Amino acid sequence: MLKIYHNPRCQKSRQTLQLIEESGEMLTIVEYLKETPSEDQLREILKKLGMKAEEIVRKSEAIYKEQFKGKTLNADEWIAAMVEYPNLIERPIVVKGDKAVLGRPPENVKSLF
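- In the nomenclature of an unreviewed UniProt entry, the protein corresponds to Arsenate reductase from the organism Roseivirga seohaensis subsp. aquiponti.
- Recorded in UniProt under Sequence similarities (unreviewed entry), the annotation for the protein is "Belongs to the ArsC family."

A short note on the packing of helix H2 (residues 39-49) against helix H4 (residues 75-84)
Then comes step 1: Running from N to C, H2 and H4 point in directions that differ by 120 degrees, and their axes come no closer than 9 Å. The chirality of how H2 crosses H4 is right-handed. Judged by residue contacts, Glu 39, Leu 42, Arg 43 and Leu 46 of H2 engage Asp 76, Ile 79, Ala 80, Met 82 and Val 83 from H4.
Then comes step 2: Residue composition of the contact of H2 with H4, by class: six nonpolar, no polar and three charged.

Comments concerning the sheet that holds strand S2 (residues 27-31)
Then comes step 1: In spatial order, the strands read S2-S1-S3-S4; together these four strands make up an open sheet with mixed pairing. Each having just a single partner strand, S2 and strand S4 (99-102) make up the two edges of the open sheet. Strand-to-strand, the axes of this sheet are offset by a mean angle of 20 degrees, without reference to chain direction.
Then comes step 2: Here strand S3 (residues 93-96) pairs with S4 via four bridges, running antiparallel. Its bridge partner lying in S4, Val 94 is registered against Val 101.

Calculation criteria
Residues numbered from 1 in each chain as written. Predicted model: local features only at pLDDT ≥ 70, side-chain atom pairs only at ≥ 80, totals over all residues. Heavy atoms only, no water. UniProt positions renumbered as here; feature names shortened; annotations may be inferred. Axes fitted to C-alpha atoms, helices over the stretch in contact; angles between N-to-C directions. Helix = DSSP H or I, 4+ residues; strand = E, 2+ residues; numbered from the N terminus. Left-handed = near helix turned anticlockwise from the far one by under 90°. Contact = heavy atoms within 4.5 Å. Nonpolar A, V, L, I, M, F, W, Y, C, P; charged D, E, K, R; others polar. Pairing = 2+ DSSP bridges.

Given below as structure tokens:
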């Protein structure tokens, strides 16, 4: 079973979702702007991605430029910021079992099939 943290307004997220649907894999869709992951869930996702919190922060977002650009935050502070401002979370993230990938490029998701 795959779980995609999805933003339907994002082209890469839609492309990744399409690849999953075409694969026939069972799928759960989480629109993370409506159903924001908790801090614990984000920590678990990061562990599965093998990435640091700052590595999944969208630095092109206005909220990043307004409130976080040039600041040094630790992992817990970045996680708290992403929970408060979920549009900071890079998208899409696809999880299967104990593994996860960023769908940038969308073809990354194929490693989970």
